[in-house]
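Topology and contacts: notes
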Amino acid sequence: MSISGHLKELRNRVLICVIVLVVGFCACLGIAPRLVTLFTDMGKAFNYTFVYIAPQELLMEYFSMAFVGSLVISFPVLAYHIYAFCSPGLTKKERNYIKVGLFAGTMFFVLGIVFARMVSIPFMLRFLISFTGEVDVAASISIQQYISFLLTVFLIFGIVFEMPVVTVVLTALGILKAEWLAKARKVMIVVIFFLAAVITPPDVISQFLIAIPMLLLYEISIVLCRVVGKRRKAVSEDDEEEDDDDDEED
């Protein structure tokens, strides 16, 4: 295909993705109040009170939730068109790796969000509201800051849970080796605890609550990379043996 043909294909796929996003946004805008209520109920369970301090603040949060919802709804279409545009330049093996990576990556991202919703966020909200017991101050939280906090935590944990998928795909493509991850274990332990300290309240318990799953994911990544690396090595050796047999026949 010529360059103009690629550009035309890219334009058509981008147009389809934009249309899907706009339709998804309009659909989610109607249920945005319910989504905001779903988020605020998480805080109200710990006696938070929410306010908005600008006339347009609540409306903007409806738009934010509608946009996030449209991304979630449109993700299969977006992922398909990105893959379809790139697939002609990939080998069959690389296409299979990407398909598996997209599916597994989605599952692990959802798993990270579930972990944040069920474990991390309740613990953080409970810990932060506990300070109001020491002084006579009511917790009236800006709805914008609260939703931004929750979305940030969800995004962080979704990305963190992608670690095994990313390392396995890179190992399958020959870019990463399990030995490198094993040698970097000590450094990564320090990095993980540092990240846990940054994204959590300043107490040891919550830091461990975040760091331990990250360490487990890192160890799982090493194990999976070793398995994939051995399999890749075995396949390469088989291919070399077939090439040698063909040369002998010639």
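What counts and what doesn't
Residues numbered from 1 in each chain as written. Predicted model: local features only at pLDDT ≥ 70, side-chain atom pairs only at ≥ 80, totals over all residues. Heavy atoms only, no water. Helix = DSSP H or I, 4+ residues; strand = E, 2+ residues; numbered from the N terminus. Buried < 20%, exposed > 50% of the residue type's maximum accessible area, 1.4 Å probe, protein only. Contact = heavy atoms within 4.5 Å. Areas by Shrake-Rupley, 256 points an atom, 1.4 Å probe, with all protein chains shown as cover. pLDDT = per-residue confidence, 0-100. Polar contact = N/O pair within 3.5 Å; in protein donor to acceptor, adjacent residues only side chain to side chain. Salt bridge = Lys/Arg side-chain N within 4 Å of Asp/Glu carboxyl O. Phe/Tyr/Trp six-rings, centres within 6.5 Å; stacked < 30°, edge-to-face > 60°. Axes fitted to C-alpha atoms, helices over the stretch in contact; angles between N-to-C directions. Parallel < 35°, antiparallel > 145°, perpendicular 65-115°, else oblique. Left-handed = near helix turned anticlockwise from the far one by under 90°.

Describing the overall build of the protein
- Looking only at helices and strands, one finds nine helices and two strands in the protein.
- The N-to-C order of helical and strand elements in the protein reads α-α-β-α-α-β-α-α-α-α-α.
- The 250 residues of the protein split such that 31% are buried.
- Considering only residue pairs separated by 6 or more positions, the protein has 84% of its internal contacts joining residues 24 or more positions apart.
- By element, 69% of the accessible surface of the protein is carried by carbon and sulfur atoms, the whole surface being about 15,800 Å².

Regarding the confidence of the model for the protein
- Confidence in the prediction of the protein, expressed as mean pLDDT, is 81, and 89% of residues score 70 or more.
- Here helix α9 (residues 204–249) stands out as the element of the protein with the lowest mean pLDDT, 72, in contrast to helix α2 (residues 32–44), whose mean of 90 is the highest.

Digging into the environment of E57
- Tracing the chain through its elements places E57 in helix α3 (residues 57–86).
- Among the residues examined, E57 registers a relative accessible area of 4% and is labelled buried.
- Sequence-distant contacts of E57, defined by excluding residues within four places in its chain, comprise V51, Y52, S142, I143 and Q144.
- Polar contacts involving the side chain of E57 include one to the main-chain amide nitrogen of I53, which spans 2.9 Å.

Points about the pattern of salt bridges
- Counted by the stated rule, this structure contains two salt bridges.
- For E9, the salt bridge identified is with R13, shortest N-O distance 3.0 Å. Taken together, the residues span about one helical turn, with E9 and R13 both in helix α1 (residues 3–29) at a distance of four residues. Neither E9 nor R13 differs from the other in exposure class; each is buried.
- As a salt-bridge pair, E219 and R185 come within 2.8 Å of each other at their nearest N and O atoms. Of this pair, E219 sits in helix α9 while R185 is found in helix α8 (residues 185–199), placing the two residues 34 residues apart along the sequence.
- In this structure R185 comes out as partly exposed when scored by relative accessible area, which is 27%.

Considering unusual backbone geometry
- Here N47, not a glycine, exhibits a phi torsion of approximately 70°, which is positive.
- Secondary-structure assignment places N47 in the loop between α2 and β1 (49–51).
- The exposure class assigned to N47 is exposed, which follows from its relative accessible area of 64%.

Comments concerning the packing of aromatic side chains
- Applying the stated criterion to the full structure yields six aromatic pairs.
- Ring geometry for F50 against Y146: centres 4.3 Å apart, planes inclined by 50°, an arrangement best described as tilted. Pair noted here: F50 is in strand β1 and Y146 is in helix α5 (residues 143–160), with a separation of 96 residues, a long-range link.
- According to the relative accessible area criterion, F50 is buried, its value standing at 17%.
- Assessed through its relative accessible area of 3%, Y146 is described here as buried.
- Every member of this aromatic cluster is reached through a ring pair, and the members are Y48, F50 and Y146.

Details of the packing of α3 against α5
- One way to put it is that α3 packs onto α5 with a least axis distance of 9 Å and a crossing angle of 20°. The orientation of α3 with respect to α5, classified from their angle, is roughly parallel. Crossing of α3 over α5 shows left-handed handedness. Seen from α3, the contacting residues are E57, E61, M65 and V68; seen from α5, they are I143, Q144, I147 and L151.

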